[in-house]
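Coordinate inspection notes
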Amino acid sequence: MSESLILRPPAKINPVLEVLGKRPDGFHELALIFQTVGLYDELEIERVGSTLRMEMTGHAGSLAPDDTNLVAKAARSFLERALGREEGLRLRLRKGIPLAAGLGGGSSDAAATLLGLDRLFGTGLGVPGLSELAARLGSDVPFFLTGGTALGTGRGEIIQPLSAPPEQWLVLVKPEQGLSTPEVYRSGKAAFTDGARARVFANKSAGMDARGLAQVLYNGLEPAAVGLLPLIVTIKEALLGAGALGALVSGSGPTVFGVAKDRASALTIAGTLGGRGWDVWAVPTLAQGVDQP
Ligand code: C5P
């Protein structure tokens with residue numbers, strides 16, 4: 001049996017995010033489209049020692065390698081609920097995906113932890129067996145067990161995979177300041193809609209080209225994110241001015257993604273937006289989730 005694993009959890013964007021209403025449990029009922037993109041963290045899991053240890057490298061910012069980290073929480077949850085015993089583990093996380101960005105980095109790391117431990121311990125739970133554990137860790141975590149393109153409903157944890165649209169090239173732009181997801185929801189500025197846009201996307205996604213994608217972009221959290229960080233409007237305008245076919249806040253922001261005509265255009269747009277103090281990446285959409293090299 002293999003004693004260590006390296007996984008590459010990817011980021012996501014949401015080309016459609018509809019807020020349907022507020023639920024009695026404090027969460028919001030959503031209909032949203034998830035799409036993995038080629039920006040990654042790296043997670044190494046090693047069976048060693050007798051306790052759980054976490055180490056962080058890369059752009060970890062304020063994220064601590066302690067028990068509040070979603071990777072450590074996912075590992076503890078797996079050992080307690082799936083394996084039923086303590087095990088020694090070293091979890092090394094290298095952050096490439098920015099924090100508090102609307103790109104789902106922490107959720108993807110948590111999903112990778114569950115998938116990695118399932119493989120390392122030969123528990124054979126797979127996506128169906130890990131989904132409940134994943135949903136307890138966060139609303140976006142179940143999506144990252146499969147990745148690619150999917151429709152999410154409920155609080156975002158009920159996942160229906162969609163057939164992969166043709167690969168698209170996007171430009172991600174993240175300003176220095178992050179946004180807290182609960183604060184964005186709490187701001188009272190989310191727009192409520194009926195879920196029709198997400199359903200249309202789900203029906204059309206298989207044949208969608210860049211122009212088609214740019215036309216259906218919608219995010220009901222965008223007014224709330226802009227209310228907290230007006231700079232988002234400047235970033236959207238900069239992307240459109242540099243040649244993006246459409247631009248939208250991802251998730252609860254503040255990252256904005258622009259849809260490019262093709263790879264060359266994405267690289268040109270990314271070059272134009274560099275040097276303004278923002279993080280900029282040209283990335284393709286992915287047909288898969290966590291990479292296990
Ligand atoms: O599920 P997760 O831990 O990612 O959610 C973080 C916070 O975002 C929640 O505590 C809640 O304030 C908000 N949220 C929400 N409705 C959702 C998902 C998240 O209100 N569907």
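My aim in this report is to walk through the structure given alongside it, one point at a time.

Analysis parameters
Residues numbered from 1 in each chain as written. Predicted model: local features only at pLDDT ≥ 70, side-chain atom pairs only at ≥ 80, totals over all residues. Heavy atoms only, no water. Near = heavy atom within 4 Å. Polar contact = N/O pair within 3.5 Å; in protein donor to acceptor, adjacent residues only side chain to side chain. Areas by Shrake-Rupley, 256 points an atom, 1.4 Å probe, with all protein chains shown as cover. Helix = DSSP H or I, 4+ residues; strand = E, 2+ residues; numbered from the N terminus. Nonpolar A, V, L, I, M, F, W, Y, C, P; charged D, E, K, R; others polar. Pairing = 2+ DSSP bridges. Axes fitted to C-alpha atoms, helices over the stretch in contact; angles between N-to-C directions. Contact = heavy atoms within 4.5 Å. Buried < 20%, exposed > 50% of the residue type's maximum accessible area, 1.4 Å probe, protein only. Left-handed = near helix turned anticlockwise from the far one by under 90°.

**Quick look at the site of the ligand**
As a matter of local geometry, the ligand sits amid Gly26, Phe27, His28, Leu30, Gly138, Ser139, Arg155, Thr181, Pro182 and Tyr185. The contact in question runs from a nitrogen atom of the ligand to an N or O atom on the backbone of Arg155, over 2.9 Å. Considering the ligand on its own, with 450 Å² of exposed area, one finds that the protein chains cover 72% of that surface. Of all the elements in the fold, those that place two or more residues in the shell around the ligand are strand E3 (28-40) and helix H5 (181-186). If one sorts the elements of the shell around the ligand by residue count, H5 sits on top with three residues. Considered class by class, the residues forming the shell around the ligand number four nonpolar, five polar and one charged.

**Quick look at the sheet that holds strand E6 (residues 89-95)**
Sheet architecture is open: four strands sit in the order E1-E4-E6-E5, paired in mixed fashion. Since the sheet does not close on itself, it has two edges, and those belong to strand E1 (4-7) and strand E5 (52-58), each with one partner. On average, each strand axis in the sheet is inclined to that of its neighbour by 10°, with strand direction left out of account. Sheet topology note: the E1/strand E4 (residues 42-47) ladder contains four bridges and is antiparallel. Across the sheet, residue Ile6 finds its bridge partner in E4, namely Glu44. On top of the sheet, helix H1 (residues 70-83) reaches E4, E5 and E6; it is set at about 155° to E5, its chief contact. Most of the contacts of helix H2 (residues 105-120) go to E4, to which it runs at about 30°, and overall it touches E1, E4 and E6.

**A few points about the pairing of strand E2 (residues 10-22)**
Most of E2 sits inside the fold, with 11 of its 13 residues counted as buried. Inspection of the sheet shows E2 paired to E3 by 10 bridges, in the antiparallel sense. Opposite Glu18, over in E3, you have Ala31 as the bridge partner. In sequence, E2 turns back onto E3 through a hairpin of five residues, with Gly26 there showing a positive phi of about 95°. In this sheet, strand E10 (residues 218-219) lies alongside E2 in parallel orientation, the contact comprising two bridges. Across the sheet, residue Leu17 finds its bridge partner in E10, namely Asn219.

**Quick word on the packing of H1 against H2**
Look at H1 against H2: their axes get within 8 Å of each other, and the N-to-C directions meet at 35°. Note on packing geometry: the crossing formed by H1 with H2 is right-handed. Facing H1, whose interface residues are Leu70, Val71, Ala74, Ala75 and Phe78, H2 presents Gly106, Ser107, Asp109, Ala110, Thr113, Leu114, Leu117 and Asp118. Across the contact of H1 with H2, the residue classes break down as eight nonpolar, three polar and two charged.

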